[in-house]
Amino acid sequence: MRKQQVWLKKADCGFEYDPDIDYESDKTVDIGFMDVVCEYCQAKRWKCESPGLCCNGGKVLLTSSPELPDLLHGLVHGEHPQSEHFLNNIRKYNSAFQMTI
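What counts, and where the lines are drawn
- Residues numbered from 1 in each chain as written.
- Predicted model: local features only at pLDDT ≥ 70, side-chain atom pairs only at ≥ 80, totals over all residues.
- Heavy atoms only, no water.
- Helix = DSSP H or I, 4+ residues; strand = E, 2+ residues; numbered from the N terminus.
- Buried < 20%, exposed > 50% of the residue type's maximum accessible area, 1.4 Å probe, protein only.
- Contact = heavy atoms within 4.5 Å.
- Patch = residues over 30% accessible without salt bridge, like charges linked within 9 Å, V, L, I, M, F, W, Y side chains within 5 Å.
- Areas by Shrake-Rupley, 256 points an atom, 1.4 Å probe, with all protein chains shown as cover.
- Salt bridge = Lys/Arg side-chain N within 4 Å of Asp/Glu carboxyl O.
- Phe/Tyr/Trp six-rings, centres within 6.5 Å; stacked < 30°, edge-to-face > 60°.

### Things to note about the overall build of the chain
Broken down by element type, the chain carries three helices and two strands. Order of helices (α) and strands (β) in the chain, N terminus to C terminus: β-β-α-α-α. For the chain, the residues scored as buried account for 15% of the 101 residues in total. Restricting the contact set of the chain to residue pairs at least 6 apart, pairs at least 24 apart contribute 0%.

### Quick look at a nonpolar patch on the surface
On the surface, L68, L72 and V76 cluster together into a nonpolar patch covering about 200 Å² of accessible area. Among the secondary structure elements, V76 is positioned in helix 1 (residues 70-76). By relative accessible area, which is 34% here, V76 ends up partly exposed.

### Structural notes on the environment of G74
By the secondary structure assignment, G74 is in helix 1. Its relative accessible area of 9% is what places G74 among the buried residues. Setting aside residues up to four positions removed in sequence, G74 forms contacts with E79, H80 and S83.

### Considering the packing of aromatic side chains
All told, the structure shown has one aromatic pair when counted by the stated rule. When the centroid spacing of 5.5 Å and the interplanar angle of 25 degrees are considered together, the rings of F86 and Y93 count as stacked. Y93 gets classed as partly exposed once you look at its relative accessible area, which sits at 31%.

### Topic: unusual backbone geometry
Non-glycine residue Q42 carries a positive phi angle of around 65 degrees. You can call Q42 exposed: its relative accessible area is 52%. Unusually for a residue other than glycine, N56 sits at a positive phi of about 55 degrees. Judged by its relative accessible area of 46%, N56 is partly exposed.

Structure (structure tokens):
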């Protein structure tokens, strides 16, 4: 059995993952639960996250959720033949399109 190494160098550690380090035992990794609710828009946030980040302290109001295009609605709600593939890979799709307009 290998001994767990101590996690000393935290800067840029996301680029230098070491499987011998027990990251979960470090208190700075645990950000807790997303259980603080914004008083203006009811968005959930972490306790250390800046208040008002979600809606700028009530200055940004979303009157309703935008309607999904038919194709995307079908993929998300399991009504399309490729829904299973889409839902299993939704994070990859999100990452691929996050910087597009």
